[in-house]
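Residues per chain are reported as follows:
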Amino acid sequence: MFKVIDTHTHFDAEEFDEDRAEAFARASEAGVGKVFLPAIDLKTTHAVLALSREYPGYAYPMIGLHPEEVKEDWKEQLAELRKMQFSDFIAIGEIGLDYYWSREFEHEQLEAFEEQVKWSVDTRLPLMIHCRKAQNEMVHLLRQYQKDLPGGVFHCFTGNQKEAEELLSFDNFVLGIGGVSTFKSSHLREDLPAVVPMNRIVLETDSPYMAPVPYRGKRNESAFVVEVLKTLAKAYNVSEEEFAKQTNETVERVFHLK
C-alpha cells in the first residue's frame, strides 16, 4: 500500500486531547506514512517536539510564532524560541502574516515574520508560511531574501491562477493543498492543473480545522488527507498512487528528511 504525508496537522491541539493516540492510529491505518506538526507559539513548539519524541520517525516538529499569536509579548516569545535547538525541527513554521480579522499588530507581524525568515536563511530550515489577506505584503518581504531562502510551503493555498504563479516564482517553494480543494465551491480543481506542475504541490489537512468533503463540518484529522489526494489525483488525471509518489518526492526535496 502506498503512503502519503500530511505536511500540516495540529495534533497537539486540545481538540485531540480525548483521542490523540486513536487519531494517530487512524492516520496510520488510512495510509498516512508521516505527519508534520507546525507550532504556533512557544508552548506549542514544546508540545510538538514532545509528540515527535513519542512518535519517532512518524511525527516531525516545526518551530515558530504564528501571526495570530503575535501580541504584546512577541519579542519575548521569539527570544525564547531562538534559544531552542533548531536541529530538532524540520521547518520554521507556522509563520507569516494574517490581516483577516485585524491589523492591530500589523507592524509587529511584519517584524516577527521577517525575523523568522532570517532564521530560515541562517539555519537552512524551510519555511511553513501562513498568509491570509496579506499576499502583497508577504511577497514584498520575501523578495528581499529570495536569493537566500532555502524553500518551503505556502500553506493552505486557496488562491487563483495568478496568485499561484506569483508564489511559484519563488524557487524551492511549493503550495500546500488541503480540504478546501474538495469543496463544491472551490476552483482549485481547475486552477491548479492549469498553472501548477504536479511537483510543486504537497498534501495537508490543517487538522483539526477545514475538514474535506465528505467530513466537512466535523473535526478534521490526518487520516482525511486521503480525500485531498483522491481529489487532486482526479483533477490532474493521474492515479492516486502516482500523485502520492510525486507529492512524497516533493516533500523529501523541500524538507530534506534524513
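Not measured: the values here are computed from a predicted model. (Residues numbered from 1 in each chain as written. Predicted model: local features only at pLDDT ≥ 70, side-chain atom pairs only at ≥ 80, totals over all residues. Heavy atoms only, no water.)

**Q** Please provide a residue-by-residue account of the pattern of salt bridges, values included.
**A** Counted according to the given criterion, the structure contains 13 salt bridges. For R132, the salt bridge goes to D98, with nearest N and O atoms at 3.0 Å. On the criterion of sequence distance, the pair formed by R132 in strand β5 (residues 127–132) and D98 in strand β4 (residues 91–98) is long-range, its members being 34 residues apart. Take D98: its relative accessible area is 3%, and that puts it in the buried class. For E137, the salt bridge goes to R103, with nearest N and O atoms at 3.2 Å. Taken together, the positions of E137 in helix α5 (residues 135–143) and R103 in the loop between β4 and α4 (106–123) put the pair 34 residues apart, joining distant regions of the chain. Here E137 falls in the partly exposed class, since its relative accessible area comes to 23%. Here the salt bridges share partners, and the residues they tie into one network are D19, R26, R219 and E221. (Salt bridge = Lys/Arg side-chain N within 4 Å of Asp/Glu carboxyl O. Helix = DSSP H or I, 4+ residues; strand = E, 2+ residues; numbered from the N terminus. Buried < 20%, exposed > 50% of the residue type's maximum accessible area, 1.4 Å probe, protein only.)

**Q** Could you give an account of the nonpolar core, with specific residues and numbers?
**A** Residues L175 and L192 are the most contacted members of the largest nonpolar core, which totals 69 residues. Setting aside chain neighbours within four positions, we find L192 in contact with F157, L175, I177, I201, L232 and Y236. F36, Y60, I90 and M128 belong to the second largest nonpolar core, which has 14 residues in total. (Core = buried A, V, L, I, M, F, W, Y, C linked by side-chain atoms within 4.5 Å. Contact = heavy atoms within 4.5 Å.)

**Q** Account for a negative patch on the surface, naming residues and giving values.
**A** A cluster of acidic side chains, namely E72, D73, E76 and E104, defines a negative patch on the protein surface. For E76, the position within the fold is in helix α3 (residues 74–82). (Patch = residues over 30% accessible without salt bridge, like charges linked within 9 Å, V, L, I, M, F, W, Y side chains within 5 Å. Areas by Shrake-Rupley, 256 points an atom, 1.4 Å probe, with all protein chains shown as cover. Lys, Arg positive; Asp, Glu negative; His and termini not counted. Charge placed at Lys NZ, Arg CZ, Asp CG, Glu CD.)

**Q** Help me get a handle on the pairing of strand β7 (residues 173–177), residues and values and all.
**A** When a strand is regular, its side chains alternate between the sheet's two faces. Burial analysis of β7 places five of its five residues in the buried class, the great majority of the element. Relative to β7, strand β6 (residues 152–154) runs parallel, the two sharing three bridges. Along β7, the bridge assignment pairs F154 with L175. Between β6 and its parallel partner β7, the chain crosses via helix α6 (residues 161–167), and the hand of that crossover is right-handed. (Pairing = 2+ DSSP bridges. Right-handed = clockwise from strand over helix to strand, strands pointing away.)

**Q** Describe in detail the packing of α4 against α5, supporting the description with residues and values.
**A** Here α4 crosses α5 at 40°, and the two axes come no closer than 11 Å. Seen from above, α4 lies across α5 with right-handed handedness. Of the residues in α5, those touching α4 at L110, F113, E114 and V117 are M138, L141 and L142. The class makeup of the residues in the contact of α4 with α5 is six nonpolar, no polar and one charged. (Axes fitted to C-alpha atoms, helices over the stretch in contact; angles between N-to-C directions. Left-handed = near helix turned anticlockwise from the far one by under 90°. Nonpolar A, V, L, I, M, F, W, Y, C, P; charged D, E, K, R; others polar.)

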